[in-house]
Amino acid sequence: MAADWRSFKPVLIPDIPNLDDIDVYIKNGGYEALKKVLSDDWTTKSVIEEVKAANIRGRGGAGFNAGLKWSFMPEPDGGPRYLACNGDESEPGTFKDRMLFEYNPHLFIEGSLIAAYAMQCSTIYVYIRGEYIDWIKMMDSALNQAYEKGFIGENILGSGFSVNFYTHPGAGAYICGEETSMLESLEGKRGYPRVKPPFPAQKGLWGRPTTINNIETLANVPLVINNGADWFKNIGAENHPGPILYGISGHVNQPGVYELPSGVPVLDLIDEVAGGVKNGKKLKAVIPGGSSTPVLRADQLDGVSMDSNSLREAGSMLGTAGLVVIDEDTDMIDLLWRIAHFYHHESCGQCTPCRDGTGWLEKILLKIKNGEGEVKDLDLLLDLTTQMEGRTICALADAAAWPVRHTINRFRDEFEARCKKSVHAIA
Amino acid sequence: MPEVFIDGKSYEFEGQPKLLQFIMDEGLELPFFCYHPSMSIPANCRQCMVKVGQPVKDRDTGEYELDENGERVIRWFPKLQTACNFDVTDGLVVKTQESDELVERAQKDNLEFILINHPLDCPICDQAGECPLQIQTYKYGPEGSRFEVKKVHKPKRVQLGPRVILDAERCINCTRCTRFADEISKSYQLTITKRGDKNYPTTAPGETFDDPYSLNTVDLCPVGALTSADFRFRARVWEMNQTPSIDVSNGKGCNIDIWTRDNQVLRITPRHNPHVNDYWMPDVGREIYPLFNDNRISRPSVILDGENQIKSSWNNAIETFGEQMEAIKPEEILAIGSAHASVEENYLFAKFGNLLGISTPLFTPHIEPGSGDGFLITDDQAPNTNGVRLLGFEETDSKQLKTAVKSSNAKMILLLSDHLIDRGVLSADDLSGKYLVMFATNESETTKKADLLFPITCVVEHAASYVNVDGRIQRSFPAKETKYTNRRLDLEMTEGRLDRYGTKFDNWVTDENKVDCLPVWDLMALIGGRLGLDITYEGGSREVIKEVSQNMPAFSGVTYERMDDELGIELDTEHQTVKS
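### Considering the pairing of strand β21 (residues 435–440) of chain B
Residue and element names in this part refer to chain B.
- With respect to burial, β21 is a largely interior element, 6 of its 6 residues being buried.
- Here β21 shows no split at all, with Tyr435, Val437 and Phe439 on one side and Leu436, Met438 and Ala440 on the other all buried.
- With 5 bridges connecting them, strand β20 (residues 412–416) and β21 associate as parallel partners. Each bridged residue has a counterpart across the sheet, and for Met412 the counterpart in β21 is Tyr435.
- Relative to strand β22 (residues 452–455), β21 runs parallel, the two sharing 4 bridges. Bridge pairing links Phe439 to Phe454 in β22.

Here it is as structure tokens:
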């Protein structure tokens, strides 16, 4: 077991002033990892092997080993290859990547360059959600600095490796955070998720091999190169190692993004890191990884820590480690309706079960919220979640169905109390 | 050969078919909406869900692993898969709604979702009766609805373009229309707007959907969201008769269906023919249907006092023709055939002249260079230019024809179905002093000049063949009754519900829409009889084409049976002058 989280020193967003300035970044050892991999000591293969060994699990929610994902890219055939960085974080409860854009953009840029080198990509796009206007500007100026210093562009550091790096603003659609939908959006099309197979590694942007990584995932790459896979693997939880940016929001005294090792106990995060539940209220529930992850009741949290295994055992998921803390005064019906409203609003409308299912869920929840629901509506809701889950092209239907199913199951009494007596006899 | 197991039965396959297409090709059934064999596969309707599994192979031996009963061990996909985009592979095991309750339930669930925001206004919807959503809901859908909240409301009666109207509430967002505009007609005029259950297809702001192929989206639409501005509310589908035919609006010869009710053609839709038009046809081909109903020549006419054309009886017209012919030498007669008339009609026209010693008929192609688009609209404005060429007619241009007509030799002109004055080949003056005998279907400036006018059947009233720009001979079927034909007696004609279940005394049946005209083969028999020639064809056009195929090398082996079986026949035009 790794050292206690309390003694952890941040590495993704270290406490160094003006780190977003490239000179400060370089002074603190920045771009050394890039120089290292471009030197003769490293090959593209060995970079991928090192990252694979470090087991950086994708921070965008799916938790897939980043190095393994890179290894799916086919052999170069002389045509263009792309790295698409997903900075479209738009799920309620998730707001970690913008910290990197703001406080340590060069770490992400350096990681992307290493990734592009390892996969022999010629172009890098960073897709940033449209609402992050200021952060897009920050990224642009960081990219300009890196271009000026020769870290991006033609023949980087005399290595013969060339790459271009572009920011691309989203236009306000949550669905564009889904990786293939993001590719469509990057191509200038309507953000509809693509049917897989073919997978992006085979046919991605403009039909060419493409890898999509989360911003935080890429920011971990220089750390792995500089300190080695073993160092990384010893941080935090064994099956999901590394530092994690925990976004803590909701009813806590000090909401914010905190960098800590993976596997911090949920209750420690709330009580010690975020300063406890606001106004001395009692904790009612936690949504551990963004609004799509199943809610956990306070009594389910004993001994649960923020790693994928522990959360799975407890009946939820790590997601993007964006915790939403819910106090005892919260109306769960209201909360669930608001989540359902979000997914209804954001469903792209391509697949039938999601397009019509998300709207139906929201409308029934609104009815219950207004005290006009019946108990049979709860069973209908549960039925609809089964009808939606796993029947669509992308996972948005699942993301819409899970909160409904689990919130109703875990707070059934509260929901039933709000329903009026059914006019139908219950057998 | 590799095999696939569908609902426990083994099927062999070749190549790399997609599962849904394979299932349909095998004559099995699976509900679907968005899939179309000629367009990309978006897999967005999620209706064709099936359960699929792969047999497990031993890694070392490559043999299939067997369970204790000796059956192959199957590794099932964790989720149901859409069949439309699923590749059929060797040993694949598929369970459809026929053999798996989960699949049956999933399809029902999906239809429930599709229906919650669908207006269910079938009683006033044009699509009812030919609606995939309606049909599949009856077959696979849920009974009743659990939807007790408010439906989404969207724009209705939106005029997307001159010919297409959108009812966005009925739309199930299958994207067939937008894919058609992107992939087939390449006008890129349609897109989906908004998100989730609020989305619907539309044009960019200020743009009109005036794609020359726009009406194909109406056929493609699996619901009544896109309707034809012209046809909507005109007829219920089940009231009409559907008859296969050929588009005569240009030289491509798109395969079509003629939809008639009470002897009026109400609409034209494309019929699948992979060799000619696939599933599509241009809008112009559909818009010509009034030609078959309106402005038709009914009963013969003669000019009596040198000026006024008056209706005449058939006997009188034929007698007049006989008298005129007797008073004139064959070399004083000029015969002009037509690329707008069928092979059979032109053949008989030439044969008639030949028997009388009249020289080979002339014809002027009706080609407007630059009006084609390289897809289904051709420069050639006539359906049978190649047919007339292959029959050996003498091809002339406007100038040559004028000279021939105006020459003092020509005293009588026999003109088959070509409105030469209307299309500017001849002027009215060119014809002055000539005795014009015309065989035609519709009234025009040209027919007004005819001293003797015989009404003949048009493409929707007879079976006749046309050779398209690519040298493919295809044929029509009678879709409309004339005064002398009867749907119940003519075995070539289709019967609709009204024919089968109605009676002659039903109040919707009227004889008013029957034109008093004759097919050329029947007319030639009558005229021939008057002139002492034997030109009788008991079997009608079927017998005429038989004779054509025997006498004309280019048409050898051509029969209606073959045309029907092979969706038309590519003629051997190698030694003929065939231009497209």
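Past the structure itself, the notes keep going.
### Here we look at the pairing of strand β6 (residues 256–261) of chain A
Residue and element names in this part refer to chain A.
- Where strand β5 (residues 243–250) lies against β6, 6 bridges are found, and the strand directions are antiparallel. When the sheet's bridge partners are listed, Leu245 is paired in β6 with Glu259.
- Between the antiparallel neighbours β5 and β6 lie 5 residues.

### Describing the interface of chain A and chain B
- Chain A puts 26 residues into the contact, and the matching count from chain B is 26 residues.
- The leading source of residues in the side of chain A that touches chain B is helix α14 (residues 352–369) of chain A, at 11 residues.
- Residues belonging to the side of chain A that touches chain B are distributed by class as follows: 8 nonpolar, 12 polar and 6 charged.

### Notes on unusual backbone geometry
Residues and elements named next belong to chain A.
- Of note, the amide linkage connecting Lys196 to Pro197 takes the cis form, showing an omega dihedral of -5 degrees.
- Here Pro197 shows up in the loop between α8 (179–186) and β4 (210–214).
- Residue Pro197 is joined to Pro198 through a cis peptide bond whose omega torsion reads 0 degrees.
- Position of Pro198 relative to the elements: it lies in the loop between α8 and β4.
- Of note in the backbone geometry, Gln120 takes a positive phi value of approximately 60 degrees without being a glycine.
- Mapped onto the elements, Gln120 comes out in the loop between α6 (105–119) and β2 (123–128).
- Taking the number of C-beta atoms within 10 Å as the measure of exposure, Gln120 has 14 and is therefore partly exposed.
- For Asn155, which is not glycine, the phi dihedral falls at a positive 45 degrees.
- Structurally, Asn155 is set in the loop between α7 (133–148) and β3 (164–169).
- Exposure remark for Asn155: the 10 C-beta atoms within 10 Å place this residue in the exposed category.

### Examining the packing of helix α9 (residues 343–356) of chain B against helix α14 (residues 520–531) of chain B
Residues and elements named next belong to chain B.
- Relative to each other, α9 and α14 sit at 15 degrees, their axes nearing to 10 Å. In terms of orientation, α9 and α14 fall into the roughly parallel class. Every pair of crossing elements has a handedness; the one defined by α9 and α14 is right-handed. When α9 is examined against α14, the residues Glu344, Glu345, Leu348, Phe349 and Phe352 are found in contact with a partner set consisting of Val520, Trp521, Met524 and Gly528.
- Here the residues of the contact of α9 with α14 are counted per class, giving 6 nonpolar, 1 polar and 2 charged.

### Re the sheet that holds β6(A)
- On the basis of which strands lie adjacent, the open sheet formed by 5 strands has the order β6-β5-β9-β7-β8 (chain A) and mixed pairing. Here the strands that pair on one side only, and so sit at the sheet edges, are β6 and β8 (296–297) of chain A.

### Brief notes about the domain arrangement of chain B
Residues and elements named next belong to chain B.
- Along its sequence, chain B is carved into domain 1 (3–112), domain 2 (117–228) and domain 3 (301–461 + 516–550).
- Placing a centre on the C-alpha atoms of domain 1 and another on those of domain 2 gives a separation of 29 Å.
- In this assembly, 14 residues from domain 1 lie in contact with 17 residues from domain 2.
- Residue classes in the side of domain 1 that touches domain 2 are distributed as 7 nonpolar, 5 polar and 2 charged.

### Here's the deal with the environment of Asp490(B)
All names here are of chain B.
- Structurally, Asp490 can be placed in the loop between β24 (472–475) and α13 (497–501).
- As a C-alpha pair, Asp490 and Glu207 span 283 residues in sequence and 48 Å in three-dimensional space.
- Apart from residues no more than four positions distant in its own chain, Asp490 is found in contact with Pro478 and Thr485.

### A few points about the sheet that holds strand β13 (residues 255–261) of chain B
Residues and elements named next belong to chain B.
- Strand order across the open sheet formed by 3 strands is β12-β13-β14, with antiparallel pairing between neighbours. At either margin of the open sheet sits one strand with a lone partner, and together these are β12 (241–246) and β14 (264–270). Across the sheet, the mean angle separating the axes of adjacent strands is 30 degrees when strand polarity is ignored.

### Considerations on the nonpolar core
- With 279 residues, the main nonpolar core has Ala84(A), Ile114(A), Tyr246(A) and Val437(B) as its most contacted residues.
- Among the elements that line this core, the one with the most residues is α6(A), at 10 residues.

### Here's the deal with helix α3 (residues 44–54) of chain A
All names here are of chain A.
- All of the buried residues along α3 are Val47, Ile48, Glu50, Val51 and Ala54. Burial along α3 is one-sided: seen end-on, the buried residues are contained in an arc of 160 degrees. More than 90 degrees from the buried face of α3, the exposed residues found are Lys45 and Ser46.
- If you follow the buried residues of α3, they end up packed against α2 (32–38), α4 (66–71), α6, α9 (215–227) and α10 (229–233).
- The first or second residue beyond α3 is Asn55, which carries a positive phi of 55 degrees.

### A look at the domain arrangement of chain A
Residue and element names in this part refer to chain A.
- Segmenting chain A into domains produces domain 1 (5–233), domain 2 (243–327) and domain 3 (332–418).
- Taking only C-alpha atoms, the centre of domain 1 and the centre of domain 2 are 26 Å apart.
- On the side of domain 2, 20 residues touch domain 1, which itself brings 19 residues to the contact.
- Among the residues making up the side of domain 1 that touches domain 2, the classes are represented as 9 nonpolar, 5 polar and 5 charged.

### Here we look at the environment of Phe415(A)
Residue and element names in this part refer to chain A.
- Its place among the elements puts Phe415 in helix α17 (residues 412–418).
- Sequence separation between Phe415 and Met332 is 83 residues, and the spatial gap between their C-alpha atoms is 7.9 Å.
- Once residues lying within four places of it in the same chain are set aside, the contact partners of Phe415 are Ile333, Ile368, Leu378 and Ile408.

The rules we used
- Residues numbered from 1 in each chain as written.
- Chains lettered and ligands numbered in written order.
- Predicted model: local features only at pLDDT ≥ 70, side-chain atom pairs only at ≥ 80, totals over all residues.
- Buried ≥ 20, exposed ≤ 12 C-beta atoms within 10 Å, placed from the backbone.
- Helix = DSSP H or I, 4+ residues; strand = E, 2+ residues; numbered from the N terminus.
- Pairing = 2+ DSSP bridges.
- Contact = placed C-beta atoms within 7 Å.
- Nonpolar A, V, L, I, M, F, W, Y, C, P; charged D, E, K, R; others polar.
- Axes fitted to C-alpha atoms, helices over the stretch in contact; angles between N-to-C directions.
- Parallel < 35°, antiparallel > 145°, perpendicular 65-115°, else oblique.
- Left-handed = near helix turned anticlockwise from the far one by under 90°.
- Domains from an automatic or database assignment.
- Core = buried A, V, L, I, M, F, W, Y, C linked by C-beta atoms within 7 Å.
- Arc of directions from axis to C-beta.

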